[in-house]
Amino acid sequence: MKIAVLTGAGISAESGIQTFRDSNGLWEGHDVMEVASPEGFARNPKVVLDFYNLRRQQLLEVSPNLAHTTLADLEKEHEVVIITQNVDDLHERAGSTRVVHLHGELLKVRSTVEEHTILDWKKDLNLGDLCKNKHQLRPHIVWFGEAVPLLETAIDLVEAADIIIIIGTSMQVYPAAGLIQYAQEDAKIYFVDPKPSIASSERITVFAEKATTGVPKVVAQINSLL
Ligand code: APR
């Protein structure tokens, strides 16, 4: 079976990474337009770099959880692709081999000018850190107001999927939240979230619980169908 898994911040919550819109979420303590927009970076690059340097340090201290590893194991039986809004590398560290990062990656940086100059980066990023063509490096993150370069790739993968599993997202940020509409008519959809933002239906099965308990149940149900 072709399985497309759409994940949001909720799948990494039990690894210790803050979500964005839950109580004491990341956006409660920060002004999105100051730390996650091109305008904010132009206005005060140091505030932005400090924000991402802190998140990168935190990421280096956490590990994948059972939800990530269960999805990685799913690759042994099915053709699985993870389409994630998350910028952490927990899916990869859990063993998933096909991960599409719609919103970029915290452990990578890119040139502020040549968008395809992308470098692995696991230390603090500071003003004056330049690419080989002497352009300032910036976090390889898709900021609010910027295009999502991998959107077409994600749409093609959702359209091709027999099963779609959506985990830990408030479904509030487009275009990622709109991917569900590209599902095939007869595709089976599963949704795992303690506060689900979509309701069960003929084709959608909702597990209103956390990822580490809900994802194994979804996988068990998928395997019982075969
Ligand atoms: N298991 C599963 N889901 C959880 C858990 C958990 N343990 N804890 C919280 N959640 C759910 C919440 O109920 C919520 O629906 O995770 C979701 C988190 O929602 P958001 O904080 O809005 O995160 P997300 O949907 O990933 O945000 C999308 O918004 O700010 C941008 O670029 C940022 O990628 C992010 C995008």
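Residues numbered from 1 in each chain as written. Predicted model: local features only at pLDDT ≥ 70, side-chain atom pairs only at ≥ 80, totals over all residues. Heavy atoms only, no water.

Within an unreviewed UniProt entry, the label attached to the chain reads NAD-dependent protein deacylase, and the organism entered is Ulvibacter litoralis. Its UniProt record gives the chain the following Subcellular location (unreviewed entry) comment, quoted word for word: "Cytoplasm". (UniProt positions renumbered as here; feature names shortened; annotations may be inferred.)

### Regarding the domain arrangement of the chain
You can read the domains of the chain as domain 1 (1–16 + 64–103 + 148–226) and domain 2 (18–61 + 104–141). One C-alpha centre belongs to domain 1, the other to domain 2; they are set 25 Å apart. When residues of domain 1 are sorted by the area they lose upon contact with domain 2, Ala9, Val87 and His103 head the list and together hold 39% of the total. At the junction of domain 1 and domain 2, the tally comes to 1 salt bridge. A salt bridge links Asp22 to Lys195, with the shortest nitrogen-to-oxygen separation between them at 2.7 Å. For the pair domain 1 and domain 2, the number of links is 4 residue pairs in polar contact (both at pLDDT 80 or more). Among the secondary structure elements, those contributing two or more residues to the side of domain 1 that touches domain 2 are helix H1 (10–13) and helix H6 (90–94). With 3 residues, H6 is the largest single contributor of residues to the side of domain 1 that touches domain 2. (Domains from an automatic or database assignment. Buried area = accessible area lost by both parts, 1.4 Å probe. Salt bridge = Lys/Arg side-chain N within 4 Å of Asp/Glu carboxyl O. Polar contact = N/O pair within 3.5 Å; in protein donor to acceptor, adjacent residues only side chain to side chain. Helix = DSSP H or I, 4+ residues; strand = E, 2+ residues; numbered from the N terminus.)

### Remarks on a nonpolar patch on the surface
A contiguous nonpolar surface patch, about 310 Å² in accessible area, is contributed by Met1, Leu225 and Leu226. Tracing the sequence through the fold places Leu226 in the segment after helix H8 (211–225). Assessed through its relative accessible area of 56%, Leu226 is described here as exposed. (Patch = residues over 30% accessible without salt bridge, like charges linked within 9 Å, V, L, I, M, F, W, Y side chains within 5 Å. Areas by Shrake-Rupley, 256 points an atom, 1.4 Å probe, with all protein chains shown as cover. Buried < 20%, exposed > 50% of the residue type's maximum accessible area, 1.4 Å probe, protein only.)

### So, the nonpolar core
Within the largest apolar cluster, 27 residues are counted, with the highest numbers of intra-cluster contacts made by Ile83, Leu102, Ile164, Ile166 and Leu179. Elements with a minimum of two residues in this core: strand S1 (2–7), strand S2 (79–84), helix H7 (151–159), strand S7 (163–167), strand S8 (188–192) and strand S9 (204–207). Here this core takes 5 residues from H7, the largest share from any one element. Excluding anything up to four places from it in sequence, Ile164 contacts Ala4, Leu6, Val158, Ala183, Lys188, Ile189 and Tyr190. (Core = buried A, V, L, I, M, F, W, Y, C linked by side-chain atoms within 4.5 Å. Contact = heavy atoms within 4.5 Å.)

### Overview of unusual backbone geometry
In the segment running from Tyr174 into Pro175, the intervening peptide bond is cis, with an omega of 5 degrees. The phi angle at Met171 is positive, at roughly 55 degrees, despite the residue not being glycine. Note on placement: Met171 falls in the loop between S7 and S8. Under the relative-accessibility criterion, Met171 is labelled buried at 15%.

### Remarks on the side chain of Ser111
Note on placement: Ser111 falls in strand S4 (residues 104–111). In this structure Ser111 comes out as buried when scored by relative accessible area, which is 0%. There is a polar contact of 2.8 Å between the side chain of Ser111 and the backbone nitrogen of Val113. Setting aside residues up to four positions removed in sequence, Ser111 forms contacts with Thr117, Cys131, His135, Gln136, Leu137 and Arg138.

### Topic: the sheet that holds strand S3 (residues 99–101)
Reading across from one edge, S3-S2-S1-S7-S8-S9 is the order of the 6 strands in this open sheet, with parallel pairing throughout. A single partner strand is all that each edge strand has here, and the edge strands are S3 and S9. Neighbour-to-neighbour, the strand axes of the sheet open up by a mean angle of 15 degrees, direction not taken into account. With 5 bridges joining them, S7 and S8 adopt parallel strand pairing. The residue bridging Ile164 from the neighbouring strand is Ile189, located in S8. Contacts between H7 and the sheet are confined to S1, S2, S3 and S7, with S2 contributing the most and set at about 140 degrees to the helix. Contacting S1, S7, S8 and S9, H8 crosses the sheet at an angle of about 160 degrees to S8. (Pairing = 2+ DSSP bridges. Axes fitted to C-alpha atoms, helices over the stretch in contact; angles between N-to-C directions.)

### Re the UniProt feature "active site" (unreviewed entry) in the chain
Feature annotation in UniProt assigns "active site" (unreviewed entry) to the following positions: His103. Here His103 lies in the loop between S3 and S4. Given a relative accessible area of 16%, His103 falls into the buried group. Ignoring anything within four residues of it in the chain, the contact list for His103 reads Thr84, Gln85, Val87, His140, Ile141, Val142, Val173 and Ala176.

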